[in-house]
Amino acid sequence: MARLLALLGSINIGGNRVKMVDLKAAFAKEGLKDLVTVAASGNLILSDDRAPVEIEAHLERILADQFGFKSCVMVRTKAEVQSAVEDNPFHGTGPEHGSDKMVHSIFLSQKPDQTRFEALKQEHSSKGSERLALGDRVLYLDYVHGVGVSDLSSKFLERRLDCRGTARNMNSLKNIISKMD
């Protein structure tokens with residue numbers, strides 16, 4: 001069975017409070033195997049041979065049925081998660097790179113249209129100091145001064161790019177990768 005990461009959006013932010021032990025128990029009850037949670041923000045490592053889109057739909061249904069809220073779920077392989085760190089142009093060392101806490105990879109449901117991405121960059125260019133770049137089903141974002149002071153909320157990005165997503169910073173992704181073996 002393939003070892004995968006399920007990134008659950010909107011876990012333990014806003015009103016969507018869920019203990020990881022309860023989340024793990026609910027998913028195990030539904031037949032998911034080899035479950036490991038990482039941190040309390042909806043990172044679930046699992047083993048499964050189904051297509052990622054099937055796993056995503058299954059997990060979204062469980063979250064709605066068992067916990068009463070909608071969440072977007074993105075499933076990725078270890079190689080895809082590693083790539084989201086290594087290919088992020090704002091991650092690294094030196095003055096041109098951001099801190100691991102502020103630099104994020106936002107995992108998207110699909111690769112956005114390049115025209116939509118360019119329009120987003122143009123619209124935001126005069127509003128904030130954040131830096132954006134587009135990968136394959138990943139939006140790279142350096143929040144520079146912090147997520148809390150940015151206008152680039154997940155809902156704003158979803159509307160502009162016409163796809164769903166969930167973000168993790170570099171610290172979180174490195175921690176997750178270390179636990180995926």
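The structure we're discussing is the one just above.
Residues numbered from 1 in each chain as written. Predicted model: local features only at pLDDT ≥ 70, side-chain atom pairs only at ≥ 80, totals over all residues. Heavy atoms only, no water.

### Quick notes on helix H5 (residues 154-161)
Phase 1 of the analysis: Along H5, the residues that are buried comprise Phe156, Leu157 and Leu161. Buried residues of H5, seen end-on, are gathered within an arc of 110° and therefore sit on one face of the element. Pointing more than 90 degrees away from the buried face of H5 are the exposed residues Lys155 and Arg159.
Phase 2 of the analysis: Buried residues along H5 sit in contact with strand S5 (103-108), helix H4 (114-124) and strand S7 (138-142). (Buried < 20%, exposed > 50% of the residue type's maximum accessible area, 1.4 Å probe, protein only. Helix = DSSP H or I, 4+ residues; strand = E, 2+ residues; numbered from the N terminus. Arc of directions from axis to C-beta. Contact = heavy atoms within 4.5 Å.)

### Focus: the sheet that holds strand S6 (residues 131-134)
Phase 1 of the analysis: Strand order in the open sheet formed by four strands is S6-S7-S5-S8, and the pairing between neighbours is antiparallel. If you trace the sheet from one side to the other, it starts and ends with S6 and strand S8 (165-169), each paired once. Taken pair by pair, the neighbouring strands of this sheet meet at an average axis angle of 20°, ignoring direction.
Phase 2 of the analysis: Sheet topology places S6 next to S7; four bridges connect them, and they run antiparallel. Its bridge partner lying in S7, Ala133 is registered against Tyr140.
Phase 3 of the analysis: The strands touched by H4 are S6 and S7; relative to S6, the strand with the most contacts, the crossing angle is about 175°. (Pairing = 2+ DSSP bridges. Axes fitted to C-alpha atoms, helices over the stretch in contact; angles between N-to-C directions.)

### Brief notes about the side chain of Glu56
Phase 1 of the analysis: Position of Glu56 relative to the elements: it lies in helix H2 (residues 52-67).
Phase 2 of the analysis: Comment: no salt bridge for buried Glu56; closest opposite-charge side chain is Arg76, at 4.0 Å.
Phase 3 of the analysis: Ignoring any residue separated from it by four or fewer positions in sequence, one finds Glu56 in contact with Val73, Met74, Val75 and Arg76. (Lys, Arg positive; Asp, Glu negative; His and termini not counted. Salt bridge = Lys/Arg side-chain N within 4 Å of Asp/Glu carboxyl O.)

### Some remarks on the side chain of Asn43
Phase 1 of the analysis: Tracing the backbone shows Asn43 in strand S3 (residues 43-48).
Phase 2 of the analysis: Judged by its relative accessible area of 2%, Asn43 is buried.
Phase 3 of the analysis: At a separation of 3.0 Å, a polar atom in the side chain of Asn43 contacts the main-chain carbonyl oxygen of Val38.
Phase 4 of the analysis: Looking at Asn43, its side chain comes within polar contact range of the side chain of Ser41, at 3.1 Å.
Phase 5 of the analysis: For Asn43, the contacting residues outside a window of four places in its chain are Leu5, Ala6, Leu7, Val36, Thr37, Val38, Arg168 and Ile176. (Polar contact = N/O pair within 3.5 Å; in protein donor to acceptor, adjacent residues only side chain to side chain.)

### Re unusual backbone geometry
Phase 1 of the analysis: At Ala39, a position not held by glycine, the phi torsion is positive, near 65°.
Phase 2 of the analysis: Summarising the element assignment, Ala39 is placed in the loop between strand S2 (33-37) and S3.
Phase 3 of the analysis: Positive phi, normally seen in glycine, also occurs at Val144, with a value near 55°.

### Considering the sheet that holds S2
Phase 1 of the analysis: Spatially, the four strands line up as an open sheet ordered S2-S3-S1-S4, and their pairing is antiparallel. Looking at which strands have only one partner, the edges of the open sheet turn out to be S2 and strand S4 (73-77). Geometrically, the sheet is characterised by an average inter-axis angle of 25° between neighbouring strands, direction not taken into account.
Phase 2 of the analysis: Note: strand S1 (residues 2-8) against S3, six bridges, orientation antiparallel. Counted as the bridge partner of Leu5 is Ile45 from S3.
Phase 3 of the analysis: Each of S1 and S4 is contacted by helix H3 (residues 78-86), which is oriented at about 95° to S4, the strand it contacts most.

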